[in-house]
Every structure is written in structure tokens, then in C-alpha cells.
Amino acid sequence: MVNRKTTRIPMTARPRPGLRRRCAAALVLCAGLAACTNNPYRPGETAEPALFAAFSTPPTKLDPTSAYYVHEGQIIDQIYEPPFTYHYLKRPYEVIPLTAEAVPQPVYYDGNGRRIADPDPPSDAVARAEYTIRIKPGIRYQDHPCFAAGPDGQPLYAGVPLDAVEAYESPNDFPHRATRALRAEDYALQIRRLADPRLASPVFSTLSAYIDGLRELSDAYAGMLEAERARRRAAAGPAYNRQRDERENPIRLDYFAPDFPGVTVHDALTFTLALKRKYPQIRYWLCMHFFAPVPPEAVAFYTQPAMIEKQFSLNRWPVGTGPYFLKIFRPNETIVLERNPNYHPDAYPADGMPEDRAAGLLDDAGRRVPFIHRQVMHLEKEAVPAWNKFLQGYLDASGVSVDVFDQAIQIQMTGEPTLSPSMESKGIRLITDIDTTLWYTAFNMLDDVVGGYAPEQRKLRRAVSIALDYNEFLDIFLNGRGVLAQGPLPPGIFGHRPGPEGTNPYVDTWDPVRERHARRPLSEARRLMAEAGYPEGRTPGGEPLTLYYDHAQGGDTFFRSYFEWVRGRLDTLGIRLRERATDLSRYRQKRDQGNWQISSGGWLADYPDPENFLFLFYGPNGKVAHGGPNMVNYVNPEYDALFERMESMRNTPERQALIDAMLDILRRDAPAVWQYHPVSYILAHPWLHNVKPHNMSYNTIKYRRVDPDLRVRQQRAWNRPVWWPLAALAALLVLSTVPAAVTLYRRNRCSPT
Amino acid sequence: MLAYLIRRVAYAVPILFGVNLLIFLLFFFVQSPDDMAETFLGEKRVTEEMKENWKREHGYHLPRLLNTVEPFPAVFTQTIFWQKSVPLFAFRFGKSDMDGSRIGAELKRRIPYSLCLTVPIFCISLLLYLFFAMIVAFYRATYLDTWALVVCVILMSISSMFYILGGQYLVAIHLKLAPVSGFDRNLLYAVKFLVLPVLIGIVANIGSGVRYYRTIFLEEINKDYIRTARAKGLGEGTVLFKHALKNAMFPILTNVVVSIPFLIMGMLLLENFFGIPGLGSYTIDAIHKQDFAVVRAMVFLGSFLYVAGLILVDVSYTLVDPRVRLT
Amino acid sequence: MLTNWYVQDVLVAALLLLLFGAGRALARREYWRAALRQVFRRRLVRGAFAVLCVYTVIALLDSVGWHPPLRDPDGTLRRQPETRRIMTDPDGLSVLDALLTPLREAREKTYSAPLAVRQFTRETRVDAEGRIVRDHPPLRYPRRHLLGTDRVGHDVLYLALKGIRTGMIIGAFTTLLVIPLALFFGVAAGYLGGWIDDVIQYVYTVLASIPAVLLIAAFMVIFGQGLPQLCVILGVTSWTGLCRVLRGETMKLREQEFVQAAEATGVSRARIMHRHIVPNVMHVVLITAVLSFSGRVLAEAVLTYIGIGVGIDTISWGVMINDALRELARSPVIWWKVAAALIFMVGLVLPANIFGDALRDALDPRLRME
């Protein structure tokens, strides 16, 4: 299976020998000047059209199959291009083509393979849904050694020995690099890779329920791998060591060998994705990097022993068609994204929301993107240095942590946040946006005390919900940056009702003065406690009711204060809250077995559809019974029936009515305390343009623009060093020698010489 | 001399073996590979198969000491002990549990950064502390000595966290004289990042350093040969700086030389606060991420350097004092 | 009603008994009495000792506790419905907690500066006239908090006082662990020699060769953060140093005439070690114990920052400093929490250092501590 063709590899020039000596010479000079500046970059670096940012967590997985976290998405979404994307400015979020010619309408077939004429048929009538995607011609990949071919047309870097690449830090260091046009086959490969058991894609289990034949494909791959391993074990005999064997002689899975009805490639630019049921949300999935193209050349290139040893892999060195490519990847220091010279024509959106024009977000309408040539990111583990660098102008944008909120933000009489004068005088802008995120306190519905569906048990949960006043939490911990949740749906998602009519009547009221929701009074919670059988928080046996909070965040200072707060709130009902802190694996085990009582959960929208939140309480998604995301193990047949009807509908008034009914059931049963939806604050320096928060996609760096001249001027103005304390210190040191000198003088005078 | 060195090195082997055994017991008996797998796999969607895969990928699926299902050589070699602990002796540190990077390559890359920080701190503080200690010793039994000691004890009693926090706040944020944090791979540009941490590293230990060397000097000063020298009518300065310093070299060397190899290990707190990507911050990262492979490697490296330091001390004795003969 | 002692209470009692026993044994010897008289001649040392005593008393008060009876809202004792027995609160209360009730129960909503009347942070609220304002709301307990309050409104003075117990436990229990180990192995190795010496030397060289921080890290990564674990591993890493010193001292003593004489008269080796060697190395043990005590208190803060300390769940100065890292970045700065932790730490470490120095000067001025 392995191609062991040897090719002569041209070597790159080694670092110039004179450089080091010159460095040393300049070092002395530099040492003198060094203390004069607090600029963390090289001279002149900020004068270029580059973006300077910080990252706090080193990314570990950049393979579009397995990347799952926000900080990983923020990097690879600049590099990979799925067929569709979201409109940068329009809200509600609108799906538009990216590499595709258009967003296609699905074609539905019934159980007999006949095409259904109705564009929105009921779910149970659909047996197959097909999306035929045609990609734009002329899109090319970044330059990469995997595309480099010898005179015979064969890949140049096949069977490369380790010592030929030992000196390279990245694939960009290979002397020969090339590009090629994007093909439909690349998309097909990536969708097949989702089924590779070795990659363990986090979305495989979800997607295999929809994409036709994905699970069977995964089984086929597993079989192929087992067969190959068995063959090798037999050949190698007792010395077989799978780990070493696959490092030295990696298994090259022939991804296209098994039949896979889920994807059909028609020609170089067209492919069809087939689903086994109606699932309109798939168009949102097609905006995510899980559906980005991966060239087979890259897979072959990286599946070589030398590359594996050097950690050249798709996990660290992506190969994409996007506006940027990964130039430097030192996950514990620096990540640099550089503009991809092969990037296809792409323009800044020409239309947006009405307020966007006033905000200057349409100034660049129709211009070719990207504007920024490079994004430089340095690791900043602590929030404090990062914030100070932002204030000094060395980072272009920043979030607002709780600790600096009062320094940065003032709240007007109307309750509206504005910048503090010190920020405003620097020309900094404030951009706010409600995150499509839900935080909730989960009750284990399988628990005897907090779970169950009896009216008394519901009342206990409601009493706890009222006592946990998340408006107070938001005041203490987040400076009021959040909206009290009235159910699982955050604002901005279809089905959410703003204002008084969206109130959760069991727990909250509408405060007309401050125009926001507020918890009902504590007296009501006390009454509910009595009705639930716990007057003054006493159990029938007379002891105080003791509840247990399960978590795995023992080392987190923020969590410590948070827990103290929760405990204090429940104390007002006479409830004793104790924690059961365990490590993460034990905690997960407890959740899998339903062996916990109270815990907390959160959900970030994968895509802007209510189904993505309401499925957290769908019975067949139960954690204990089915291993699904319904961690509270909530089961309500009425709710489940409504969910199945709502799931694949279009956003119609009928769907709204179903959602209203579902929300009412959830609010009544209260399987969770609906905490809040956070509001994110972004501060941007005056030289950074075109910043609009986007909750669904991170491929927005290409729209940003900076004014480097202004940046350099301001950085200089804001960072004048202060010298006098040093002078004062020196003077103090000199003064302190006086007593010593006096003693010496006296001693010399007294001593007989 | 050579024979002695060989003997010392041979003596070091059982010590390193003991360290290795201790690490092995801690990491593979107290902690099971299953626990590790669960720590590492992400929050969402963990299956038994993924755990098994992870263990295989990192070589933790093998039996610990004896592989009974395998024939002869593999009985010993196909075990965690053989694959994970024995290679340490050859400085083959293996791969990180977290991201699969080669620990050896990572060490090689980071050691120079650590040295950039530790070597200046080491050299400057040694000279500075000796200088101050001699002055204090010179003024011994006067009120200057008393006050210097009080200041030393106060400086010693302040947590090192305070020096770092205070220094960063004052110099970098308030006076804007140095970058808040960061590093540059090019030494030329890295100097500005190093000034502040080096300064803090020197100041933080000044109390204990000065006090320690003062004790050594006073010990020497009370010896007979100093009294003789003074009786000869030599000035106090000459006595102190010429005679006492020379003879105090012996205990100073013991203390100083043994710590030279440790410069490689970097400074945990300073590197972490100032974002210097040396071995210190590597260690802290490994602890935070519970990267057992890296912690294992660092423990072994640390004890190796300690043993190396002890040998170095013996060698340096012969260089300072020709009367000492290593046989 | 002193029921259900804390687990650590047993250890506290053991430590107290040990201290008391040691003190009485020492006071019987003229040599020690003279030395202690010399130590306490200086006013500074007397002051330092007094401060140490105050800290010890506070730590003791915080270590002795009981489970208070439960009361109904009307103030009557709550009884078990069937057995009519008085019910106790499952949450224990230490004597210190009881003494500090005015501080413990005076909880604010969030930060407030020392002796402030109003909250430190601004808050949006509706005022009496129904307008929305954002200002500093008045505190529930104005001018009550001598050192201000923390993020969830706990009194910082209370937290700092509770931190004393953690600091003392780390210092003292580790010593409790170190002394028997080091004394037994050090004296045995030094006096008996031979293969016993070799084995003991090997064990402590192996342990000492691993840098302490790394060994602690390995240990804490595996066993998780916590006070008992930290004491154990600090003990394991620090007995080797004392052991080596004691071995050296013992080897010197073995050649002394009074030991030789005892051997010649046929006194058993165990008895020689017990009667002749151990009492003559006690001064080394004492000095080391006092001086390394302060080092451990300081180490706690650093280890907690690295993530291998007592853990966030314990109230300790290290945890307070750790929280303060972010508070110092605020503008205006929240300085009182870190200041309280540092002052209380210096307040313990400085007297310990002064006292330790004085002991050394009196007992063995040539003993060098690294």
C-alpha cells in the first residue's frame, strides 16, 4: 500500500552563517536601547497591514474532520472553505454560497424512489433528500508541497526520507510547492473522511443519522483497517508493535474503495449529497468546516513516515482554498496566518442591515477581500497582560473581562452601555451582541429528590429556579452582561419571543420599568417549598434538605465564587447545598450513569435553528438511555411528539405555535433552571474597521481592514516611557551608602594604623 | 581523576534507575492508563473504542511489567516499562500525551530560551549577592549589619509572587519601560522582553542570597588564619577581600556549581508570567494539562541534572584547590 | 456539646501533645534552659515569639469545633419527630467561626473597599423615584469590613484569619512528618553505618535528586490537589535534607569520647542512639524545623498558583493571592485581598525567621541553612 519510490529532494539553503555573529554584535547595542520600549513587536512590524491578536488556549486539532472548539474554528475557518457560508452582515443569519455556485433546493423522493413535487413535504413522506452542489470554476488551493509534481507528473514528495525534511519547520519550507484547482472530488473525500474511525469525528454520530450510508461506510473502513492490521501482524510475527508499525509504515486507507451512496461525484465541479430523511438543517452543516474540501494529495503527502515523525499532518498544517494559509504554527507561542496569493475573487458584501451603513460597515462594499495581509497571534495565557497590551495599542481588539468592566464601560441612565471617557478619548469603539448561547442549571430528572414529574417535584425545581436569581448573578459576575433566559431559546433564534409575552410565567415576571425579565419574589419560592413538602427547607424527618452539586471544576477560581453564590442563594430557602467535586472522567462517568443531582450545562448554537436547542430535551436524546446530549434525561411523550413535528419544518407561524407549546411544557416541568444568554462586548481600536460579531462562523477576518499609519501614531503617543522613578531609585541607592561611608570613616579614624 | 569520574558516573546510574522506578510506580500503578485516556479525550462523545484507540496511539495499551501473551523477547519489551521508562536512560523522551509532539525536540528548542533567562539571573545575582554580603560582613557587628539583616529577613519573608506582580505592574504597565510579556525567537529582539524578568529574578532572592553568603564570610573571618593576617597589621579590606574571599570559595562553590545544570530547567513562575516559552513554562503547561509524559520527562531530566551537578562540584574542587585529589 | 470532631483534630491534638512533651523534656536540661534564656533576652525575639503564639492560638481555635444544634425560626431547638433527640447541624462550626460570627455572617453582595459605606462596583437599579440609575449601592453592613470584602461579599479579614490554619497546618504537619523520618533514618545511618547507611543514603539521594517542584507536581497531578496530599508530599521532599545533616552530626558524635565510653561499657546500640545521640542532635532538628516552617508557608502560595497546591476549595493565602491576580488588573485596583494575604503571610513568616535565626545563633551558629 505504501509507495516507496525514492526521489532526490532539493535542499533549501541553511541559515546564513554570518547572521548569528551579527546578531551577537547587535545584541550589545540593543541591550542599551532595550529598556526604552514596551513594544512587544519587532520594529516596523505594526506599520504593515496586519492584524494583531492574542489566543489563550493552544489549538490542538486543525483537521476539519476533528476540530471542534471555538479557538480551533477561529483559525481553520480562515483556511478552509465549505460550499456555503453565512452572510457577514445580515441578520437573521442567511446562508449564501461560498465555493458553490448557488445554495440548491433539495430534491425529495418517497419510499418508492419517486420524486415529490411538494417543495416542503411532511417528514414521514420523505425517504431520500438530494442536494446537488455545483462549485465555481477556477478556485485554487494555497501553494503546498503536496501538489508539487516531478517531470513525470508523479508527486515530487513521495517516500521522502526523514533527514531530507528534518530541517524544515513547516510544509511552507519545502522548496517546491504548487497549487491546483478545487474539484468536487475533494468535497467527496472530506465527507468520506468523517467516517474514518481513526479520526473519530465529533459530528460523526449526529451526521450518520442523516447522511445515507455514512455508518456503513465507517464499518467498511473499520473492516479494511482490521484486515490490514491482521495481515501485518501475521507478516511481522511476534515482534509486531502496532504503534511503531503504523508510525513507520502508516496505513493508507483507500477512501474511495467502498461504495458510498451518500455522495456522488458527477464531474469535476458537481457532486450530490444524499440524505436518508428530510433534514433542512443540513444547509447549515454545509457552512461548517466539517464539509470543507480536502485534497487527496494532501492526505497522501501527510501519510508518510517522515511527515508523521515531523508532525506534518492535517492536524497541524491545513491545506485549503481560503483567503489565508497557515504560515507559522507554534501552538505554545505564535500563530501566523498569511494571505493566500491564490485566493479566488471575493468581494465585501454590498448590502446589510439598515444600521450597518451608519456604523461604517458598508464603506468597503463591493471591494475585493481580503484587506489584511497577515494575522499575527501570540499566546497570552493570562487575561491581565492581554488587556494591558490592548490598552497600549499592541492588540487591535479585545473582549471586556469582568475585572476591567468599570474601567472600560459606563452604563447610561437608560441602561445602555457606553464607553468610559478614558476609552472614548482613545477613539476605541464598543460593539455588543447577544450570543446565541444558553446556560442552564441541570436537574437530573432520574433523581429521587430533584427529578420526577409529580407536581411536588416540579414545585421544588421551580422554587430553586426562583431562588437562583440570575439577574443578581449577572450583576456580580458579568456586570449585567446577559439576558435572563426564559427557556432554552436565545434571542436571534427563530421561536424566541422577546418582551412580556416571552415570559416564563412559572418563575419570572416582566419588569416594565427596566424593560427586562426578573425572578418572582422569594416569598413565592418559600411557598412553593412548603407545597413541595419542604417547609422552611425541612425534610419530613426534620433535617435541612440537602442537595448535591456535581462538578469537575475544582481548580477554577471563578467557579469557586460562583458556587459560593449558588450556595448562598439556596440557603435563603433553607436548602443546604453540598458539592461533589470529582475529576473530569469521573464526572463524565456519573453523567453517563445518571448518578448525579444538580449540575450545570451550556450550549453554543451550532447553527441558527431552534431544533439545535430544543433537541437538548428530546427524550430519544437522553444521556443515560441513549448517550445523547439530553443530559437532564428529560422524557415527556407530549414534548417528543411536538419536537418530531417541529424538527424539519420551515420557519412558519405553525412552527412558532408548536415551539410555543413546547416551551410551555419545558417551563412547567422545569427540568433546568434557565440561567441566561450572555452578551458579548468587543472593544476595537479606531484603526480597525468592519467589525461585526458573528455567532455562527469565524471566517470573517477577510472582511477586516486596518489603518496601519494611525496605529503606529497612536502606539507611539500612548507609550511614552516614564523615567523619573528610575532616577529617584538611583538617588536613593546613592544616599543609602552615606551611613556606610560614615562608619568607614569613623573606623579608619579610630583604628591604629 | 579519570577513574574517579568513571566511578562517580557509575554511581549515578543506580540513582537514575531509582528515580525511573519511582516515576514508573507513580504513573503506572497509582494512575491507570484508563484514567489518563479519560482525562485526555474531550468533553463530548467519548466511547470505549476512542479510549482504546487513544491508549494504543500513546502506547499505554500494553501490560505494565510482563507481557505474558508474547514469546520470549517480547515478554519484556512489549510492556509499558520497557517502552516508556527504559528509553529515558537514552534521553528518548517519547511524545507528549497531549498533542503528540516530540518531547526531545521540544526540549532542545526551549532550553536556549530558558538559558536566556536563567544565565543572566544566575551570573548577576551571584556577583551582586557576594558583593553585598562582603559589605555586610565588613560592617559586621555595627548597626548597619543589624539593619541589613533585618531588611534581608523582611525581603525573604515576602512571597515571590509579590515581586513578580509588583514588578510587572510598576515597570511594564505603569512606567511603560518594558513589554508586559512576550518573547521573540531572535535573541536580538528578545532582550527587551528579558530585562524585566531578569531584574525581578535578581531582586526576589536578594534577601536569602546576601544572608547566606554573609554567614559563610563570617565563618571564615572567625578562623585563625584571618586573625593572624589581622595581627600582621593588614587592613580590614585586604583581609576580607583577599584572604577570606579566597577561602570562602570552597563552600560557595559547593552551593553554586551544583545549581549550574539546573539553569536548563528554567524558572517556573517568571517564564509563565512573562510568556517566555522555556522549560519552566513547558513544565507548568504540562502540569495544567496533566500531560504525564512531559511531567515524567521533566522529572527524569531534573534528577539527571542534579546528579550531573554533584559530579561537577567534585571536579570544580580540584580546580580551585590543587590539594584536593580525587582518587 | 462537643461532638463529631474534625478528622484533623486528632492530628492537632497529637501535635500539641508532642510539642508539650518536647518542651518539658527540653526544659529539664540546663543546656537548653541557658540557650533559651539567651534567645529570649532580645526584645525582637520575644515579640516574634509572641506573634507566633498568637497565630498558633488562632489556628487552634479554628481547629476545634462542634456541630451546633438546629433551631426553628421561632428559636426553639429542633427535635427529631420520633426520638425527640435534639438535631445538630451537619455543617460544623469551629470556635474561631463562632467568635467571628459578626464577620462571618456580614455578607455583602460583592466587592467593597476597607471600611466602606458603599459597594465598590456600580450596579444598575431602580431608585426610590422609579428612575434607572447606575451607582454604588449602600452596603448591608457599612464600616464593618476592616479589610473589605471579596467578589462574593465575604469579609476578607475573616478569610485571612481562616487562612492562618491552612498555613500553620502546612508548616506544622509537614514538620510532624519530617522529624521522625529524618531523625530515625539520619541517626541510624550515621551511627550504624555499613549496609544500613548505604541503603538509607541511596533512598534519600534518589528522592533528593528529583527537583522538589517536579516531584510535588507529579504527586499532585496524580492524587489531585488538597491540603493532606500537599502536607504528605512536602514531607516526602523535605525530610532528605534534614536526614543528611543529622547523619553527618551523628557521625561526628560517634567518635566522641562519651559515646565511645558508653560503647566500651556494653550499652546497647539502641540505647546509645536513644540516650546519647538523639538528645545531642535535637538542636539541629529544632532550628531546621523553625526555619523550614517559613519556607513551606511561602511555598504554598507558589504551588497553589502553579496548580499543585491546596486547591481552590480550601481557604488559604495562596488561593487569595491567586484570585488577586485578576483583581490587580482592575481599574480602580482591588488591592485589599492581596494585601491582606501578603500581610498575614509576612506576619507569620517574618517572626518565624527571626525566631529561627535567634535559635540558631544561640544553639549552633555554624549550622548553615540553604
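Residues numbered from 1 in each chain as written. Chains lettered and ligands numbered in written order. Predicted model: local features only at pLDDT ≥ 70, side-chain atom pairs only at ≥ 80, totals over all residues. Heavy atoms only, no water.

1. Thoughts on the overall build of chain A
Looking only at helices and strands, chain A features 25 helices and 24 strands. For a compact globule of 753 residues, the expected C-alpha radius of gyration is about 27 Å, and chain A comes in at 30 Å, within 12% of that figure. If you line up chain A on its principal axes, its C-alpha atoms span 100 × 85 × 65 Å. A burial count over chain A gives 55% of its 753 residues as buried. Within chain A, contacts between residues separated by at least 24 positions form 72% of all contacts whose residues are at least 6 apart in sequence. Surface accessibility of chain A: about 31200 Å² in total, with carbon and sulfur atoms responsible for 54%. In chain A, the 90 positive side-chain charges and the 86 negative ones have mean positions that sit 7 Å from each other. (Helix = DSSP H or I, 4+ residues; strand = E, 2+ residues; numbered from the N terminus. Rg over C-alpha atoms; globule rule 2.2 N^0.38 Å. Buried < 20%, exposed > 50% of the residue type's maximum accessible area, 1.4 Å probe, protein only. Contact = heavy atoms within 4.5 Å. Areas by Shrake-Rupley, 256 points an atom, 1.4 Å probe, with all protein chains shown as cover. Lys, Arg positive; Asp, Glu negative; His and termini not counted. Charge placed at Lys NZ, Arg CZ, Asp CG, Glu CD.)

2. Observations regarding the packing of aromatic side chains
Residues and elements named next belong to chain A. Inspection of the entire model under this criterion finds 64 aromatic pairs over all chains. Seen in terms of ring centroids, Phe 617 and Trp 674 are 5.4 Å apart; in terms of plane orientation they differ by 75 degrees. Their pairing is edge-to-face. Of this pair, Phe 617 sits in the loop between helix 20 (611–614) and helix 21 (623–626) while Trp 674 sits in strand 22 (residues 672–684), placing them 57 residues apart in sequence. Relative accessible area serves as the criterion here: at 4%, Trp 674 is assigned to the buried category. Chaining the aromatic ring pairs together yields one cluster made of Tyr 470, Phe 473, Phe 477, Tyr 549, Phe 559, Tyr 562, Phe 563, Trp 565 and Tyr 676. Over the face of the ring belonging to Trp 718 we find Lys 426, whose NZ or CZ atom lies 4.7 Å from the ring centre. (Phe/Tyr/Trp six-rings, centres within 6.5 Å; stacked < 30°, edge-to-face > 60°. Lys NZ or Arg CZ within 6 Å of the ring centre and 35° of its normal.)

3. Digging into the pattern of salt bridges
All names here are of chain A. Within this structure, the stated rule accounts for 61 salt bridges over all chains. As a salt-bridge pair, Lys 590 and Asp 550 come within 2.6 Å of each other at their nearest N and O atoms. Taken together, the residues Lys 590 in helix 19 (residues 584–593) and Asp 550 in strand 19 (residues 546–551) connect sequence positions 40 residues apart. The class for Asp 550 is buried, based on a relative accessible area of 0%. What you see here is one network of salt bridges that share partners, running through Arg 180, Arg 183, Glu 185, Asp 186 and Glu 297. (Salt bridge = Lys/Arg side-chain N within 4 Å of Asp/Glu carboxyl O.)

4. Some points on the packing of helix 10 (residues 206–221) of chain B against helix 12 (residues 236–257) of chain B
Residue and element names in this part refer to chain B. Close contact between helix 10 and helix 12 brings their axes to 9 Å; oriented N to C, the two are set at 130 degrees. Compared by their axis directions, helix 10 and helix 12 come out oblique. The way helix 10 lies across helix 12 gives a crossing that is right-handed. Here helix 10 contributes Tyr 212, Tyr 213, Ile 216, Phe 217, Glu 220 and Ile 221 to the contact with helix 12, which in turn contributes Leu 240, Ala 244, Leu 245, Asn 247, Ala 248, Pro 251, Ile 252, Asn 255 and Val 256. (Axes fitted to C-alpha atoms, helices over the stretch in contact; angles between N-to-C directions. Parallel < 35°, antiparallel > 145°, perpendicular 65-115°, else oblique. Left-handed = near helix turned anticlockwise from the far one by under 90°.)

5. So, the sheet that holds strand 9 (residues 334–339) of chain A
Working definition: the strands of a sheet are paired by backbone hydrogen bonds and lie parallel or antiparallel to each other. All names here are of chain A. One open sheet accounts for four strands, arranged 1-10-9-8; its pairing is mixed. Two strands bound the open sheet, and with one partner strand each, they are strand 1 (50–55) and strand 8 (324–330). Taking each pair of neighbouring strands and ignoring which way they run, the sheet shows an average axis angle of 15 degrees. In terms of strand pairing, strand 8 meets strand 9 through six bridges, oriented antiparallel. If you follow Leu 326 over to strand 9, its bridge partner there is Leu 337. (Pairing = 2+ DSSP bridges.)

6. Describing the pairing of strand 22 of chain A
Looking along a regular strand, one sees the side chains alternate between the two faces of the sheet. All names here are of chain A. Summarising burial for strand 22: 11 of the 13 residues are buried, a large majority. Of the pairings in the sheet, the one linking strand 11 (residues 397–399) to strand 22 comprises three bridges and is antiparallel in character. The residue bridging Ala 397 from the neighbouring strand is Ala 684, located in strand 22. Sheet topology note: the strand 14 (residues 429–434)/strand 22 ladder contains six bridges and is antiparallel. The residue bridging Ile 431 from the neighbouring strand is Ile 682, located in strand 22. Relative to strand 22, strand 15 (residues 437–443) runs antiparallel, the two being bridged by four bridges. Following the sheet pairing, Thr 441 is matched in strand 22 by Val 673. Here three bridges tie strand 16 (residues 482–484) to strand 22, and the two strands are oriented antiparallel to one another.

Any functional reading would require information beyond the geometric quantities listed.
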